[in-house]
Amino acid sequence: MLKIGNIELKNRVVLAPMAGVCNPAFRLIAKEFGTGLVCAEMVSDKAILHGNKRTMEMLYVDEREKPLSLQIFGGDRKSLVEAAKVVDQQTNADIIDINMGCPVPKVTKCDAGARWLLDPNKIYEMVSAVVEAVEKPVTVKMRIGWDSEHVFAVENAQAVERAGGKAVSVHGRTREQLYTGTANWDIIRDVKQAVTIPVIGNGDVFTPEDAQKLLEHTGCDGVMIGRGALGNPWMLYRTVHYLTTGELLSDPTPREKMDVAILHMDRLVNLKGEAVAVREMRKHLAWYLKGVPGAARVKDVIMEETTRDKMVRILADFVESLGEKSETPVAAAASNRDEAVYH
Ligand SMILES: Cc1cc2nc3c(=O)[nH]c(=O)nc-3n(C[C@H](O)[C@H](O)[C@H](O)COP(=O)(O)O)c2cc1C
């Protein structure tokens, strides 16, 4: 069983932190689909200390999402520590994760995110300072290196371990690669062999079989799934099921997809209000509709809509036109969920 500090996970499947995606609406769906640990989108230390309404909403954790890891980023020791204390003392999160992989210049210019990958000493200092200041377990999520010339994944993970970090997640790409090329699972394996804390492997897991392969190849304690779950939380459920039983469940039917898309939208409406939810939902609907036969015509129309009801009507008519029932085991899991209301 995967244990991070004192937090026991019921399985080895982790939903990756994804900005603009991993808010309570999607995280709860991921949890209902059996995911062992869900990660929240990254939040800046400065924003937490500033305490504006939107940031404080980003720190909200529903009891049903637990265990949950909340990710912070920053470049200045004092403010990172202070922000970590806020997460420690004022949120319902179980784990405090530090972002060491964000590649965007706005973040790296502030000496935060992937910038740390060049300096194991800084990693040690920053992680030690946070560990000393908080009660909750501290983890780090990192890329394997800054660029192909600076791949310090092993040294960096060892610095995290020495500093008292309780686990490390490793995305098998450098900062320079962004999302191009393939994730290097060999280096994730090197990290796993070099530390004793749990290592969670990440990168290019799009099917349950990929998850199994990553775990076998790297010897990792857990597998983290990001893009494979976009518009496809079934991927999480199918992976948990495959890793536990060896059985490969079929993909969801279009009706199942639309049912969950509507649930997702309704939770976003509760969370953020209709205007924001509808805007945010456009990208999710594009993901949910990806690969659904005949969905191209619906996609174009739905992107123009500005209300929840109109979007739902289009989805309902589309599903009706397909005339299928949802009866697969995944549908049963989805229909067992209860309603979430966030205020
Ligand atoms: C839309 C999006 C947002 C992301 N936001 C974050 C983030 O907030 N924090 C983080 O550590 N990684 C973030 N990532 C990176 C993912 O957590 C993950 O490391 C990466 O997508 C590789 O995993 P995958 O191949 O399973 O997608 C993001 C990725 C995507 C696609």
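Residues numbered from 1 in each chain as written. Predicted model: local features only at pLDDT ≥ 70, side-chain atom pairs only at ≥ 80, totals over all residues.

Looking at an unreviewed UniProt entry, the chain carries the name tRNA-dihydrouridine synthase, with the source organism given as Paenibacillus lycopersici. In the Sequence similarities (unreviewed entry) part of its UniProt record, the chain is described as follows: "Belongs to the dus family." The Cofactor (unreviewed entry) comment attached to the chain in UniProt states, word for word, "FMN". (UniProt positions renumbered as here; feature names shortened; annotations may be inferred.)

A. Structural view of the UniProt feature "binding site: FMN" (unreviewed entry) in the chain. Under the UniProt annotation, the feature "binding site: FMN" (unreviewed entry) is placed at Pro17, Met18, Ala19, Gln71, Lys141, His171, Gly226 and Arg227. Mapped onto the secondary structure, His171 falls in strand E9 (residues 167-174). (Helix = DSSP H or I, 4+ residues; strand = E, 2+ residues; numbered from the N terminus.)

B. Representation of the packing of helix H9 (residues 208-218) against helix H10 (residues 234-245) in the model. For the pair H9 and H10, interaxial distance at closest approach is 8 Å and the crossing angle is 55°. Here H9 is positioned oblique relative to H10, judged by the angle of their axes. Between H9 and H10 the crossing geometry is right-handed. Side by side, H9 and H10 meet where Pro208, Ala211 and Gln212 of the first sit next to Arg238, Thr239, Tyr242 and Leu243 of the second. Here the residues of the contact of H9 with H10 are counted per class, giving 4 nonpolar, 2 polar and 1 charged. (Axes fitted to C-alpha atoms, helices over the stretch in contact; angles between N-to-C directions. Parallel < 35°, antiparallel > 145°, perpendicular 65-115°, else oblique. Left-handed = near helix turned anticlockwise from the far one by under 90°. Contact = placed C-beta atoms within 7 Å. Nonpolar A, V, L, I, M, F, W, Y, C, P; charged D, E, K, R; others polar.)

C. Structural view of the pairing of strand E7 (residues 95-100). A large share of E7 lies buried, amounting to 6 of its 6 residues. Residues of E7 alternate between two faces, with Ile95, Asp97 and Asn99 on one and Ile96, Ile98 and Met100 on the opposite face, all of them buried. Here strand E6 (residues 68-73) pairs with E7 via 4 bridges, running parallel. Counted as the bridge partner of Ser69 is Ile95 from E7. As for the winding sense of the linkage, the β-α-β connection from E6 through helix H4 (residues 77-90) to E7 is right-handed. Direction of pairing for E7 relative to strand E8 (residues 138-145): parallel, over a ladder of 5 bridges. Considered in E8, the bridge of Ile96 is made with Val138. (Buried ≥ 20, exposed ≤ 12 C-beta atoms within 10 Å, placed from the backbone. Pairing = 2+ DSSP bridges. Right-handed = clockwise from strand over helix to strand, strands pointing away.)

D. Local environment of the site of the ligand. Taken together, 22 residues sit near the ligand, with Ala16, Met18, Met42, Gly226 and Arg227 positioned nearest. Classifying every residue of the shell around the ligand by side-chain character gives 9 nonpolar, 9 polar and 4 charged. (Near = placed C-beta within 6 Å.)

E. How the structure looks around the domain arrangement of the chain. Taken domain by domain, the chain comprises domain 1 (3-245) and domain 2 (254-335). For domain 1 versus domain 2, the distance between C-alpha centres works out to 29 Å. Every contact between the two is made by 12 residues of domain 1 and, on the other side, 12 residues of domain 2. In terms of residues, the side of domain 1 that touches domain 2 owes the most to one element, helix H1 (residues 24-32), which gives 5 residues. Split into classes, the residues belonging to the side of domain 1 that touches domain 2 amount to 10 nonpolar, 2 polar and no charged. (Domains from an automatic or database assignment.)

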